[in-house]
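# Inside the fold
Letter by letter, the chains look like this.
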Amino acid sequence: MKVKKIQIKNVYLQIFLAALAFRIFMYLVSALVMAFQAGEGASLGLEEFLAGWCKWDANHYINIATNGYTGAIEDGQHLFLVFFPLYPYLMSFLHLIFSDIRMVGMLISTLAYAGGCVYMYRLVRLDYSEKTAWNSIILLSLFPFSFFYGGIMTEGVFFLISAAMLYYIRVHKWWAAIGFGILATMARMQGVLLAVPAAIELLILYDPIKMVKTKDFSNLKYLLGRGFSFLLMFLGTAFYMLINWKVEGDPLRFLYYQKNHWSQGACLPTKTISYLFDYAFFSDNYDLRTRISLWIPQAVLFIISIVILLYGIRKIRALHMGYAIAYVCMTFSATWLLSAGRYLSCCIPLFLILGIAGERRKWITPILALVFAMIQMVYLTGFMNYMQIM
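Cut-offs applied
- Residues numbered from 1 in each chain as written.
- Predicted model: local features only at pLDDT ≥ 70, side-chain atom pairs only at ≥ 80, totals over all residues.
- Heavy atoms only, no water.
- Helix = DSSP H or I, 4+ residues; strand = E, 2+ residues; numbered from the N terminus.
- Rg over C-alpha atoms; globule rule 2.2 N^0.38 Å.
- Buried < 20%, exposed > 50% of the residue type's maximum accessible area, 1.4 Å probe, protein only.
- Contact = heavy atoms within 4.5 Å.
- Areas by Shrake-Rupley, 256 points an atom, 1.4 Å probe, with all protein chains shown as cover.
- Lys, Arg positive; Asp, Glu negative; His and termini not counted.
- Charge placed at Lys NZ, Arg CZ, Asp CG, Glu CD.
- Patch = residues over 30% accessible without salt bridge, like charges linked within 9 Å, V, L, I, M, F, W, Y side chains within 5 Å.
- Salt bridge = Lys/Arg side-chain N within 4 Å of Asp/Glu carboxyl O.
- Axes fitted to C-alpha atoms, helices over the stretch in contact; angles between N-to-C directions.
- Left-handed = near helix turned anticlockwise from the far one by under 90°.
- Nonpolar A, V, L, I, M, F, W, Y, C, P; charged D, E, K, R; others polar.
- Phe/Tyr/Trp six-rings, centres within 6.5 Å; stacked < 30°, edge-to-face > 60°.
- Lys NZ or Arg CZ within 6 Å of the ring centre and 35° of its normal.
- Core = buried A, V, L, I, M, F, W, Y, C linked by side-chain atoms within 4.5 Å.

Turning next to the overall build of the protein chain. Along its length, the protein chain carries 19 helices and zero strands. Expected size for 390 residues packed as a compact globule is a radius of gyration near 21 Å; at 21 Å, the protein chain falls within 12% of this value. Its C-alpha atoms give the protein chain principal-axis dimensions of roughly 75 × 55 × 50 Å. Going through the 390 residues of the protein chain one by one, you find that 53% of them count as buried. Across the protein chain, contacts joining residues at least 24 apart in sequence account for 75% of those joining residues at least 6 apart. In the structure as shown, the protein chain presents an accessible area of about 18,000 Å², 66% of it carried by carbon and sulfur atoms. Within the protein chain, the 19 negative side-chain charges are centred at a point lying 16 Å from the centre of the 31 positive side-chain charges.

This is the structure in structure tokens:
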């Protein structure tokens, strides 16, 4: 299968710089929010700005990057083994150059986000128009929870890795895809899902059903060889398990902490969806502030995700659809889901589908961009005010 090559002079640099400019703009907006909420006589300098972004999981990544998994202890336990190692290890490495670990985390996230936009453009342009590519990047960037791309979180890094891996799968550069796959399984739990588009693309490329029909098995060795080679991407998982074994003598210790401290595990999506809608709209267990910041957006995002996936049927390649379905299912299969918006911000195929819709109906992208931007400002403000937006 021949993949067409797209050559557009300097467009990658333009995208990278535009992404950086957008992140700087969002930082300025966040600083403005902090200034408005500061009390009389309060100052807003670099220290206050950096502290404003150190919320929720950000502090845990800083703890790991500063003290290592062995030294990151709370209540006498290594509770932070549940956090994957790539991002805090990158922070720790660059901390050798830059003195402020918070600034290091934000720098990594910002640069990774900009690089991810470049790879997303390259990926989309393989099969779709330039307009669709730009639509997809714009809507991903304005998505209500995409401000996390600039925070001390894994979103920027995982976005870059997943966009790059999807691109290399699509152009059949298998070893490059495996390399990014290793990084993906070191970055986030969802990294293992990138094996799904790899498997789908290999099956489409070598078509085992056609082999059986024609009784021509000459390509079987390539299918099996490249298929088994993708098992190497789980070296990242093995490395993570090695950390667990080194710290506590149990390679699966993170599962214990996930269940017994963080109340986290896997369940059927129906169970997760049931409690999301109950807490969002029916239960009296939570006040309005918590429902608006935490439960309602997650319930609404489930409906929106399903609508987008249904619209995308036959409009995107099988590798994208397979990955999107697997990603949405994993996101909404958590026993205690708190961050669906943040997780879905990295589900690239959802924004590809929206980009396609925006090319077919020109009013969709500007309307969605406006709505997304307005809601992002609301939730960014809430995040800066320590609402449960995580």
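Here the narrative resumes.
Before going further, it helps to spend a moment on a nonpolar patch on the surface. A grouping of Val-212, Phe-217, Leu-220, Leu-224, Phe-228, Leu-231 and Phe-234 is seen on the molecular surface, where their side chains present a nonpolar patch of about 660 Å² in accessible area. A total of three residues in the nonpolar patch trace back to one element, the largest contributor, which is helix H11 (residues 220-229). With respect to the secondary-structure elements, Phe-217 resides in the loop between helix H10 (208-214) and H11.

Turning next to the packing of helix H15 (residues 288-312) against helix H18 (residues 348-360). Running from N to C, H15 and H18 cross one another at 60 degrees; their axes reach a closest spacing of 9 Å. In this structure, H15 meets H18 at a crossing whose hand is left-handed. Contact residues: H15 offers Ser-305, Ile-308, Leu-309, Tyr-311 and Gly-312, while H18 offers Leu-350, Ile-353, Leu-354, Ala-357 and Arg-360. A per-class count over the contact of H15 with H18 returns seven nonpolar, two polar and one charged.

All right, on to the pattern of salt bridges then. Counted under the stated rule, the structure contains nine salt bridges. With its nearest N and O atoms 2.8 Å apart, the salt bridge here joins Arg-102 to Glu-47. Remark: Glu-47 occurs in helix H2 (residues 46-52) and Arg-102 occurs in helix H5 (residues 101-125); sequence separation between them is 55 residues. Measuring nitrogen to oxygen at the nearest pair gives 3.8 Å for the salt bridge that ties Asp-127 to Arg-317. On the criterion of sequence distance, the pair formed by Asp-127 in the loop between H5 and helix H6 (130-142) and Arg-317 in the loop between H15 and helix H16 (318-331) is long-range, its members being 190 residues apart. With a relative accessible area of 24%, Asp-127 lands in the partly exposed category.

Turning our attention to unusual backbone geometry. For Trp-56, which is not a glycine, the phi torsion comes out positive at approximately 55 degrees. Tracing the sequence through the fold places Trp-56 in the loop between H2 and helix H3 (57-71). The residue Arg-314 is not glycine, and still its phi comes out positive at about 70 degrees. Tracing the chain through its elements places Arg-314 in the loop between H15 and H16. Residue classification places Arg-314 among the exposed residues on the basis of a relative accessible area of 81%.

Packed helices, taken two at a time, are described by the angle their axes make and the gap between the axes. Orientation of helix H7 (residues 155-170) relative to H16, taken along the N-to-C sense of each, is 145 degrees, at an axis distance of 11 Å. Between H7 and H16 the crossing geometry is right-handed. Taken together, the residues of H16 that come into contact with H7 (itself represented by Phe-158, Ser-162, Leu-166, Ile-169 and Arg-170) are Leu-319, Tyr-323 and Tyr-327.

On to the packing of aromatic side chains. The description of two aromatic rings rests on the distance between their centres and on the angle between their planes. Throughout the structure, instances matching the rule amount to 43 aromatic pairs. Relative to Phe-383, the ring of Trp-53 lies with its centre 5.9 Å away and its plane at 50 degrees, an arrangement referred to as tilted. Of the two residues, Trp-53 is situated in the loop between H2 and H3 and Phe-383 in helix H19 (residues 364-384); the sequence distance between them amounts to 330 residues. Here Phe-383 falls in the buried class, since its relative accessible area comes to 1%. A connected cluster of aromatic rings, assembled from ring pairs, spans Tyr-27, Phe-49, Trp-53, Phe-147, Phe-148 and Phe-383. Against the face of Phe-383 rests Lys-55, its NZ or CZ located 5.3 Å from the ring centre. Over the ring of Phe-148 we find Arg-342, and its NZ or CZ is 5.6 Å from the ring centre.

We now examine the environment of Leu-224. As for its placement among the helices and strands, Leu-224 is situated in helix H11. Overall, Leu-224 belongs to the partly exposed group, its relative accessible area being 42%.

Let's shift gears to the nonpolar core. The biggest cluster of nonpolar side chains holds 131 residues, and the ones touching the most others in it are Trp-53, Met-91, Phe-159 and Phe-230. Take this core: its biggest share by element is 14 residues, from H5. If we ignore the near neighbours within four places in the chain, the residues touching Met-91 are Tyr-61, Ile-62, Ala-65, Ile-101, Val-104, Gly-105, Ile-108 and Ile-152.

So, about the environment of Ser-305. By the secondary structure assignment, Ser-305 is in helix H15. C-alpha of Ser-305 to C-alpha of Val-328: the two residues are 23 residues apart in sequence and 7.4 Å apart in space. The contacts of Ser-305, once residues within four sequence positions are left out, are Val-328, Phe-332, Leu-344 and Leu-350.

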